[in-house]
Every structure is written in structure tokens, then in C-alpha cells.
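One letter stands for each residue in the lines below.
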Amino acid sequence: MVIEKIKENKFKILLSLKDLEEENINIHSFMASNMENQEILKKILIKLKTDYNFFIDCKNLLVDTFYVCNRDFIMIISSLENETENIPRVTVSRSSYKDIDTFNVYKFCSKDELNVFFNFISSTSNLYYNTLLNCPLYFYNGIYFLILSQNGISEIIYTSIDKYLSEFTFKVNKPNNFYIKLAEYGDKINLETLFI
């Protein structure tokens, strides 16, 4: 296991297949939500607390896990300040190698570009609009990046939204690598609160 501090509240952890085997966890069970995963996450959080003085009291914890093709995993752990609740909450999302081929990353150069697109979509289709509200949005180097994944939505809806997005913006090359970079260095933004 290799730990890299990205920011004060964000860490990248590289887990190898050997690390999982030492914890008696196979790849398939690691990608599912189960108790073994919670135990390895607890161990990682204890190590972050001990070695990096990383505390999660009264904060939200966001954990993104990516499977990379050399049978390793990259885990991005971030703590986000939460002003309204004093209860720690953990959100875990995982992207398997299969998932990597079923998404695109779209670049919006400004909040205004995003706003124009979302105003258009909201007037076109509530289904498309609500689907897009559940898509991850990142802010990185002054640019907004929207991730549209086919997982959990029909191919027809995915294709339709992709066509609309292509009219307003363009796709990033090599979305697999770029998505991992966004999770490491970008700031994740809640789309529902962005335009309030």
C-alpha cells in the first residue's frame, strides 16, 4: 500500500492485488460493498490519522475507488467540511475496469457555459435533466468537467444526452486517465447547488 498526500484533506492510496490478498479480500468482493472492505477502509483511515494527522470527526468522507488495468486499485479519500451536520457520513463510489469504457468527460470553460447547457436540457427533457444532476462534476484548473456514465441508464438516454452535450461542448481525450486525474486533483461540485 502506497499513500500520497494530495492536499490537506485529500489522499491517494494505491492498493495492489497483494495488499488485498494480505487482507483476505479478492478483487470481486473488494468491488462490492461488504464488511471486508469496511475493515480495510478503517485500517487505511487509522493509518492516515496516525501518519498524517488526518481526522474525520464532524466531516463528510468521500471515497472514490478506481480499478486500473494492471490489477491495482487507486483509492482517493477526501474529507469535506459539512456545516449543517455533526454526524460523519461516508460515501463510497467504485469504478471497475468494465466501467471505465462506458463514460465520457465533457469540458465546460465557464459556469456560464454550464448554465446555458443545463437551461437548455431542463427545457428539453426532465428525464435528461434529472439524469445529469446525478453525474459527477469537477472543477479543475479553472474549468468544469462533467462525467456522463452509461452505468445505470439506458443506452438510448446515454446516446441522446451525449448528442446534446456534443452540441454545447466537446469530449476530453482519454477519459479513463483524465477521470482519475480529476478525482485526485479536482474539486468535486454538487450540481444541484451550483446554480443557486
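All figures in this text were calculated on a predicted structure; none of them were measured in a lab.

**Q** Explanation requested: the overall build of the protein chain in the structure shown.
**A** Regarding its fold elements, the protein chain presents nine helices and 10 strands. Long-range pairs, those at least 24 residues apart, make up 69% of the contacts in the protein chain with a sequence separation of at least 6. Entry remark: accessible area of the protein chain is about 11100 Å², with carbon and sulfur atoms responsible for 50%.

**Q** Can you walk me through helix H6 (residues 126–133) in this structure?
**A** Helical periodicity: at 3.6 residues per turn, an α-helix aligns residues three or four positions apart in one direction. Where H6 is concerned, the buried positions are Tyr 128, Thr 131, Leu 132 and Leu 133. Where H6 is buried, its residues meet helix H5 (111–124), strand S8 (143–149), helix H7 (155–168) and helix H9 (191–194). Two or three places before Leu 127, at the start of H6, stands the capping residue Ser 125, its side-chain oxygen 3.3 Å from that residue's backbone nitrogen.

**Q** Whenever I open this one, the nonpolar core confuses me. Can you help?
**A** A general trend in soluble globular proteins is that nonpolar side chains are found buried together. Counting 20 residues, the largest nonpolar core has Phe 108, Leu 132, Leu 146, Leu 148 and Leu 165 as the members making the most contacts within it. Contributing elements (two or more residues each) for this core: strand S6 (103–108), H5, H6, S8, H7 and H9. Excluding residues within four positions of it along the chain, Phe 108 makes contact with Glu 113, Leu 114, Phe 117, Ile 143, Tyr 144, Leu 146, Leu 165 and Thr 169. Leu 20, Leu 48, Met 75 and Ile 77 belong to the second largest nonpolar core, which has 18 residues in total.

**Q** Would you mind showing me how to read the pattern of salt bridges here?
**A** This structure, assessed with the given rule, holds seven salt bridges. Two residues, Asp 51 and Lys 47, come together in a salt bridge whose shortest N-O distance is 2.8 Å. Linking Asp 51 with Lys 47, this pair stays in helix H3 (residues 35–52), spanning four residues, or about one helical turn. Exposure remark for Asp 51: the relative accessible area of 45% places this residue in the partly exposed category. On the basis of relative accessibility, which here comes to 37%, the residue Lys 47 falls in the partly exposed class. Each of Glu 4, Lys 12 and Glu 184 takes part in one network of salt bridges that share partners.

Rules and cut-offs
- Residues numbered from 1 in each chain as written.
- Predicted model: local features only at pLDDT ≥ 70, side-chain atom pairs only at ≥ 80, totals over all residues.
- Heavy atoms only, no water.
- Helix = DSSP H or I, 4+ residues; strand = E, 2+ residues; numbered from the N terminus.
- Contact = heavy atoms within 4.5 Å.
- Areas by Shrake-Rupley, 256 points an atom, 1.4 Å probe, with all protein chains shown as cover.
- Buried < 20%, exposed > 50% of the residue type's maximum accessible area, 1.4 Å probe, protein only.
- Polar contact = N/O pair within 3.5 Å; in protein donor to acceptor, adjacent residues only side chain to side chain.
- Core = buried A, V, L, I, M, F, W, Y, C linked by side-chain atoms within 4.5 Å.
- Salt bridge = Lys/Arg side-chain N within 4 Å of Asp/Glu carboxyl O.

Shape is all these values report; function is a separate question.
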